[in-house]
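# Examination of the molecular architecture
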Amino acid sequence: MKQKEEFEMPVCDYIHANPELIASLKKQTPDEKILVRLAELFKIFGDPTRVKILYVLLEHEMCVCDIAQLLGMSQSSISHQLRILKQSSLVKFRRDGKTVFYSLADEHVMTILNQGFDHVTE
């Protein structure tokens, strides 16, 4: 392999293929629909406000009012972000009278947050 310029990726000097490897990896590659859903999930984590909300809910279930006060944002903004998180199956809710409490949907969300945090703080 040779390097073209300092900022370019290395390129092969000649074209070759490994048909067995390619066939094997094609079989292992998830369906396109699954990959699209995965990409959409990661887009949800691309918004700092949503990540803050998830981290707050990592510690304790909370209502919109408390999350808004903690993050210094409007209840409307928090509700909008919670709606997105709920549609993405990252948070769940329960009602207690007129109050709605939000929490992480499951252990997977906690794992994603913790793994991401570990990665960026290495």
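Shown above is the structure to which this text applies.
These notes cover the structure that comes with them. Chains are numbered independently. Their residues run from 1 in the order of the written sequence. Local features are withheld for residues below a pLDDT of 70 in this predicted model, meaning they are given only at 70 or higher, and side-chain atom pairs are given and counted only at 80 or more; totals for whole chains, interfaces and linings count all residues. Side-chain figures throughout are based on the complete set of non-hydrogen atoms in the structure, without hydrogens or water.

## Some remarks on the nonpolar core
Across soluble globular proteins, nonpolar side chains have a tendency to be buried as a group. Note the following rule: By convention a nonpolar core is built from buried Ala, Val, Leu, Ile, Met, Phe, Trp, Tyr and Cys residues, the set being connected through side-chain atoms within 4.5 Å. Exposure is judged per residue with a 1.4 Å probe applied to protein chains only, and the accessible area is read against the type maximum: over 50% gives exposed, under 20% gives buried, and values in between give partly exposed. Going along the chain from the N terminus, every DSSP run of H or I of four or more residues is numbered as a helix, and every run of E of two or more is numbered as a strand. By definition, residues are in contact when any of their heavy atoms lie within 4.5 Å.
Grouped together as the largest cluster of nonpolar side chains are 22 residues, with contacts concentrated most on Leu 54, Leu 57, Ile 67, Leu 82 and Leu 85. Mapped onto this core, the elements with two or more residues apiece are helix 3 (48-59), helix 4 (64-71), helix 5 (75-87), strand 3 (99-104) and helix 6 (107-120). The element that contributes the greatest number of residues to this core is helix 3, accounting for five residues. Beyond its immediate chain neighbours, meaning those up to four positions away, Ile 67 contacts Ile 53, Val 56, Leu 57, Met 62, Ile 78 and Leu 82.

## A closer look at the pairing of strand 2 (residues 91-96)
Filter applied, for reference: Strands pair, by our definition, only if DSSP identifies at least two bridges between them.
Where strand 2 meets strand 3, six bridges bridge the pair, whose relative direction is antiparallel. Within strand 3, the residue paired with Asp 96 across the bridge is Thr 99.

## What about the layout of surface pockets?
Put simply, the rule reads: Two kinds of site are reported from a 1 Å grid over the protein atoms alone, namely cavities, where a 1.4 Å probe fits but cannot get out, and pockets, open sets with protein on both sides within 12 Å along at least five of seven lines, and residues are called lining when an atom falls within 4 Å of a point. Grid points are joined across faces, edges and corners, and a volume is the space filled by probe spheres set on the points. All residues other than Ala, Val, Leu, Ile, Met, Phe, Trp, Tyr, Cys, Pro, Asp, Glu, Lys and Arg, Gly among them, are scored as polar; the first ten of these are nonpolar and the last four charged.
Of the voids in this model, the largest pocket is the one considered here, and its volume is about 350 Å³. As for the largest pocket, its lining consists of 16 residues, and the residues nearest its centre are Arg 37, Leu 41, Ser 88, Ser 89 and Leu 90. Contributions of two or more residues to the lining of the largest pocket are made by helix 2 (32-44) and helix 6. Considering only residue class, the lining of the largest pocket consists of nine nonpolar, four polar and three charged. There is about 160 Å³ of room inside the second largest pocket. Taken together, Phe 42, Phe 45, Val 51, Tyr 55, Ile 112, Leu 113, Gly 116, Phe 117 and Val 120 form the lining of the second largest pocket.

## Quick look at helix 2
Applicable threshold: To estimate the expected span of a helix, count its residues, drop one, and scale the result by 1.5 Å. Whenever two N or O atoms come within 3.5 Å, that pair is a polar contact, provided that in protein one can donate a hydrogen and the other can accept it, and provided that, for residues adjacent in sequence, both atoms are side-chain atoms.
The end-to-end C-alpha distance of helix 2, which contains 13 residues, comes to 19 Å, matching closely the 18 Å that a straight helix rising 1.5 Å per residue would cover. The residue sitting at the N-terminus of helix 2 and contributing the capping side-chain oxygen is Asp 31; that oxygen lies 3.1 Å from the backbone nitrogen of Lys 33.

## Side note on the pairing of strand 3
The buried count for strand 3 comes to five of six residues, which makes it a mostly enclosed element. Relative to strand 3, strand 1 (residues 62-63) is paired through two bridges, and the arrangement is antiparallel. Pairing of Met 62 across the sheet is with Tyr 102, part of strand 3. Between strand 2 and strand 3, which pair antiparallel one after the other, the connecting turn spans two residues, and Gly 97 there sits at a positive phi close to 70 degrees.

## Describing a nonpolar patch on the surface
Heads up, the rule is: The patches described consist of residues with a relative accessible area above 30% and no salt bridge, like charges being joined within 9 Å and nonpolar side chains (Val, Leu, Ile, Met, Phe, Trp, Tyr) within 5 Å. Residue burial considers only the protein chains on display, and all accessible areas are found by Shrake-Rupley using a 1.4 Å probe. Salt bridge criterion: a side-chain nitrogen from Lys or Arg within 4 Å of a carboxyl oxygen from Asp or Glu.
Taken together, the side chains of Leu 35, Leu 38 and Phe 42 make up a nonpolar region of the molecular surface, amounting to roughly 260 Å² of accessible area. Assignment of secondary structure puts Phe 42 in helix 2.

## A short note on the packing of helix 4 against helix 5
For clarity, the threshold we go by: Working convention: axes come from line fits to C-alpha atoms, limited for helices to the stretch in contact. Angles between N-to-C directions cover 0 to 180 degrees. Roughly parallel means an angle under 35 degrees; roughly antiparallel, over 145; roughly perpendicular, 65 to 115; everything else is oblique. By convention, the crossing between two helices is left-handed when the near helix turns anticlockwise from the far helix through less than a right angle, and right-handed when the turn is clockwise.
At a minimum axis distance of 9 Å, the contact between helix 4 and helix 5 shows a crossing angle of 115 degrees. Regarding the angle of helix 4 to helix 5, the classification is roughly perpendicular. Along this stretch, helix 4 crosses helix 5, giving a crossing that reads as right-handed. Note on element contacts: helix 5 touches helix 4 through Gln 75, Ile 78, Ser 79 and Leu 82, opposite Val 64, Cys 65, Ile 67, Ala 68 and Leu 71. Partitioning the contact of helix 4 with helix 5 into residue classes produces seven nonpolar, two polar and no charged.

## Thoughts on helix 3
An α-helical turn contains 3.6 residues, so a residue and the one three or four places further along point in the same direction. Compared with an ideal rise of 1.5 Å per residue, which puts 12 residues at 16 Å, helix 3 spans 17 Å between its outermost C-alpha atoms and is within 8% of the ideal. Residues of helix 3 that are buried: Thr 49, Arg 50, Ile 53, Leu 54, Val 56, Leu 57 and Leu 58.

Interpretation note: all reported values are geometric properties and have no functional meaning in isolation.
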